[in-house]
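# Survey of secondary and tertiary structure
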Amino acid sequence: MATVITAQVVNELRTRTGAGLMDCKKALVETDGDMDAAAEILRKKGAATRDKKAGRSASQGTIASYIHLGGRIGVLVEVNCESDFVAKNELFQSFARDVAMHIAAAAPRFITREEVPAEEVAKEAEIVKAQCEGKPAAAIEKIVAGKLDKFFSEICLLEQPYVKDPSGKTTVNDLITEQITKTGENIKISRFSRFQIGG
């Protein structure tokens, strides 16, 4: 017997993912009411939507700021979207502030892994290889790839676990995907500056 999908469950998934009501209901029916599996389906659908919109111009947006308590850390971040309408929307403004707060807390150095200088990546790979001395070449390759992924997730904004998600499963990139799903527009983080007293 199929699980009954209530309006309350659909609403809960909608709140969690930001997806439309019908998409939430379809995902819950498809997963027989499994909330986590339905959220994963919606996340993949959001990623596909994001990829479709990636080529679109995002020349509007906002510059958000965040000053940490005590004024010891400050952040400015430029977040872009496609239209002035979305740029002025409270949902988008709140998202931009959340990104600024995340940057203050997590101290990324780059936005994407492509921005990390090749010599820095090579140096990190060499350190890992030195730690793997005596292991088979195939194993070393896998270990290096895994350690580099971890390295990127520590220093690249889009790959960092979002600080407001206690589970550590949501990355900043996932957060952007959710916003793209909610607004229907291409959204990107163009640049940021993080200032720290004595840092």
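Residues numbered from 1 in each chain as written. Predicted model: local features only at pLDDT ≥ 70, side-chain atom pairs only at ≥ 80, totals over all residues. Heavy atoms only, no water.

Following the criterion strictly, the structure yields nine salt bridges and no others. As a salt-bridge pair, Arg-109 and Glu-120 come within 2.7 Å of each other at their nearest N and O atoms. Taken as a pair, Arg-109 in the loop between α5 (90–106) and α6 (118–131) and Glu-120 in helix α6 lie far apart in primary sequence, 11 residues in all. The partly exposed category is assigned to Glu-120, whose relative accessible area is 22%. A salt bridge links Glu-126 to Lys-129; its shortest N-O distance comes to 3.9 Å. One end of the pair is Glu-126 and the other is Lys-129, both in helix α6 and three residues apart, which spans about a single turn. For Glu-126, a relative accessible area of 49% translates into the label partly exposed. Within the structure, one salt-bridge network assembled from shared partners comprises Arg-113, Asp-149 and Glu-159. (Salt bridge = Lys/Arg side-chain N within 4 Å of Asp/Glu carboxyl O. Helix = DSSP H or I, 4+ residues; strand = E, 2+ residues; numbered from the N terminus. Buried < 20%, exposed > 50% of the residue type's maximum accessible area, 1.4 Å probe, protein only.)

Membership of the largest hydrophobic core comes to 27 residues, with the highest contact counts inside it found for Val-77, Val-79, Ile-187 and Ile-189. Of all the elements, α5 adds the most residues to this core, at eight residues. Ignoring sequence-local partners within four residues, the contact set of Val-79 consists of Gln-60, Gly-61, Thr-62, Phe-92, Phe-95, Ala-96, Ile-187, Lys-188 and Ile-189. The next biggest cluster of nonpolar side chains, apart from the first, holds 13 residues, and it includes Phe-110, Val-121, Leu-148 and Cys-156. (Core = buried A, V, L, I, M, F, W, Y, C linked by side-chain atoms within 4.5 Å. Contact = heavy atoms within 4.5 Å.)

Bringing helix α7 (residues 137–155) into the picture now. For the α-helix, the turn length of 3.6 residues means that residues three or four positions removed from each other point alike. Relative to the 27 Å expected for 19 residues at 1.5 Å per residue, α7 spans 27 Å between its end C-alpha atoms, a close match to the ideal helical length. Looking at α7, one finds that the buried residues are Ile-140, Val-144, Leu-148, Phe-151, Phe-152 and Ile-155. Relative to the axis of α7, the buried residues are bounded by an arc of 105 degrees and lie together on one face. Along α7, exposed side chains directed more than 90 degrees from the buried face belong to Ala-138 and Lys-142. The secondary structure elements touched by the buried residues of α7 are α6. (Expected span 1.5 Å × (residues − 1). Arc of directions from axis to C-beta.)

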